[in-house]
Amino acid sequence: MQDREALESLVRRLPKAELHVHLEGTLEPELALRIAERNALSAPFPSVDAARAAYHFENLQSFLDVYYTMTDVLRTEQDFYDLTWAYLTNAATQNIRHVELFFDPQAHLSRGIPFGIFIAGILLALEDAETHLGVTSRLIMCFLRDQPVEDAARVLATAHLYRDRIAGVGLDSAEAGYPPQLFKDVFDQAAAYGMHRVAHAGEEGPPAYIAEAIDVLGAERIDHGVRCLEDPALVDRLVRERVPLTVCPLSNVRLRVVPSLADHPLKRMLDAGLLVTVNSDDPAYFGGYLVENYVEAALALRLTRDEIVTLVENSFTASFLSDEAKAAHIEAVRAAAALP
Ligand code: ADE
Ligand code: ZN
């Protein structure tokens, strides 16, 4: 599909799931300024325009430096509620019906914010979104892989108190040089708690990290995974085992994982038969939310209508929803796709 308007109308109309979005990456500069002001903090940047102008990144680390700086404005339960609610209300306008939301406890604990404060704000907003917007969710707690493993183990022990509200664990932050196996014991413990396991792998790190995340950490889903194409045997395996890969096109361009959207591997991944989904990662920083990721990728890669519908169906297939809920959502996708 190459008609932008028709494409956007299709993408907006289809009910969608988002499986790879970091709560802290949805913090828009406007909200950050408002929160800084009410917390009597000096603003992390002089103006909204100045913040946006500074959002040019050389690589993952240069982005993370800004991301953690901005995160510092978040102090109270209300701050976390407002941030979560802002993302979810926006998600509802994009017809996102289900969200699996990452958050980074260590980015807050390390600043002295207690687990009970941020989790309370996040959970209340998730409940309100289900009640008032009909958007369902799962919460996935990420460990920062560039921080000590002992910290991750402590966070997991605390999170166990909220076991019924935190569906799974993930692994994020700087990837290269921090192989998944460092977190084997923590992921084993999460498995023993009955939690789902996912991991960022093959974004900046090598394809070997993807296999390691599956084999050593028991990852059920790989976040990004775009570098799998460098290893054909790995691709065969991911296809055979139907391991979902949550791909984030605009993020990959902004963080220079790929040179441009036209070069993005999404289409090649679909052609290879991989179970890929489209996601926004850190939408406040990368120039678009979920709809924009679909539209810009589809235009640049000349995706067909059927490919777009497949990607949207995959978003439910790869989720942690029940089989019944997945089937109901996929039926709704097909009904919406059949409209003229
Ligand atoms: N944390 C937030 N966004 C991330 C990304 N794209 N990769 C790794 N860690 C992240
Ligand atoms: Zn991510």
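As a reminder, the structure under discussion sits directly above these lines.
Residues numbered from 1 in each chain as written. Chains lettered and ligands numbered in written order. Predicted model: local features only at pLDDT ≥ 70, side-chain atom pairs only at ≥ 80, totals over all residues. Heavy atoms only, no water.

**Q** Looking at this model, I keep getting lost on the coordination of the zinc ion (ligand 2). Mind explaining?
**A** Expected angles at a metal are 109.5 degrees for tetrahedral coordination by four donors and either 90 or 180 degrees for octahedral coordination by six donors. Donor atoms from the polypeptide that coordinate the zinc ion (ligand 2) comprise His20 (NE2), His22 (NE2), His200 (NE2) and Asp281 (OD), at 2.0 to 2.3 Å from the metal. Taken together, the four donor atoms coordinating the zinc ion (ligand 2) and their angles of 82 to 174° define a geometry best described as irregular. The motif formed by the donor residues of the zinc ion (ligand 2), counted along the single chain, is H-x1-H-x177-H-x80-D. With His22 in strand 1 (residues 16-22) and His200 in strand 5 (residues 196-201), this residue pair connects regions lying 178 residues apart in the sequence. Summarising the burial analysis for this pair, His22 and His200 share the class buried. (Donors = N, O, S within 2.8 Å, 3.2 Å for Na, K, Ca; no water. Tetrahedral: all angles 85-135°; square planar, octahedral: opposite > 155°, others 65-115°. Helix = DSSP H or I, 4+ residues; strand = E, 2+ residues; numbered from the N terminus. Buried < 20%, exposed > 50% of the residue type's maximum accessible area, 1.4 Å probe, protein only.)

**Q** Would you mind showing me how to read the pattern of salt bridges here?
**A** Pairing between side chains becomes possible if they bear opposite charge and their charged atoms approach one another. Tallied over the entire structure, the rule returns 19 salt bridges. In this structure, Arg38 engages Asp79 in a salt bridge whose closest nitrogen and oxygen atoms are separated by 2.8 Å. You can see Arg38 sitting in helix 2 (residues 29-38) and its partner Asp79 sitting in helix 5 (residues 77-93), a full 41 residues away along the chain. For Asp79, a relative accessible area of 0% puts it in the buried group. Ionic pairing is found between Arg75 and Asp72, a salt bridge with its closest N-O pair at 3.2 Å. On the basis of relative accessibility, which here comes to 32%, the residue Arg75 falls in the partly exposed class. A cluster of three or more residues bridged by salt bridges with shared partners is formed by Glu28, Glu30 and Arg52. (Salt bridge = Lys/Arg side-chain N within 4 Å of Asp/Glu carboxyl O.)

**Q** Which parts of the structure should I look at to understand the site of ligand 1?
**A** His22, Leu60, Phe63, Leu64, Tyr67, Asp172, Ser173, His200, Glu203, His224, Asp281 and Asp282 make up every residue found near ligand 1. Taking Asp282, its side chain carries an N or O atom lying 2.7 Å from a nitrogen atom of ligand 1. Contact with the protein chains covers 100% of the free accessible surface of ligand 1, which is 260 Å². In this structure the site holding ligand 1 corresponds to the largest cavity. In terms of residue class, the shell around ligand 1 is built from four nonpolar, four polar and four charged. (Near = heavy atom within 4 Å. Polar contact = N/O pair within 3.5 Å; in protein donor to acceptor, adjacent residues only side chain to side chain. Areas by Shrake-Rupley, 256 points an atom, 1.4 Å probe, with all protein chains shown as cover. 1 Å grid on protein atoms, 1.4 Å probe; cavity = no way out; pocket = protein on both sides within 12 Å on 5 of 7 lines; lining within 4 Å. Sits in = over half its atoms within 2 Å of the grid points. Nonpolar A, V, L, I, M, F, W, Y, C, P; charged D, E, K, R; others polar.)

**Q** Would you take a moment to explain the nonpolar core for this structure?
**A** Here is a general trend for soluble globular proteins: nonpolar side chains tend to be buried in one another's company. Residues Phe103, Met141 and Phe143 are the most contacted members of the largest nonpolar core, which totals 106 residues. Per-element accounting of this core gives the leading share, eight residues, to helix 15 (residues 290-301). In contact with Phe103, not counting residues within four places along its chain, are Leu23, Glu24, Phe115, Phe118, Ile119, Ile122, Leu139, Ile140, Met141, Cys142 and Ile166. Within the second largest apolar cluster, five residues are counted, among which are Phe102, Cys142, Val198 and Phe320. (Core = buried A, V, L, I, M, F, W, Y, C linked by side-chain atoms within 4.5 Å. Contact = heavy atoms within 4.5 Å.)

**Q** What is the right way to look at unusual backbone geometry in this model?
**A** Where the residue is not glycine, phi is negative for most of them; where a peptide bond is considered, it is trans in most cases. Phi is positive for His224, close to 75°, though the residue is something other than glycine. Counting through the fold element by element, His224 comes out in strand 6 (residues 221-224). Residue classification places His224 among the buried residues on the basis of a relative accessible area of 0%. Its identity is not glycine, yet Arg302 carries a phi of approximately 55°, on the positive side. Tracing the backbone shows Arg302 in the loop between helix 15 and helix 16 (305-317).

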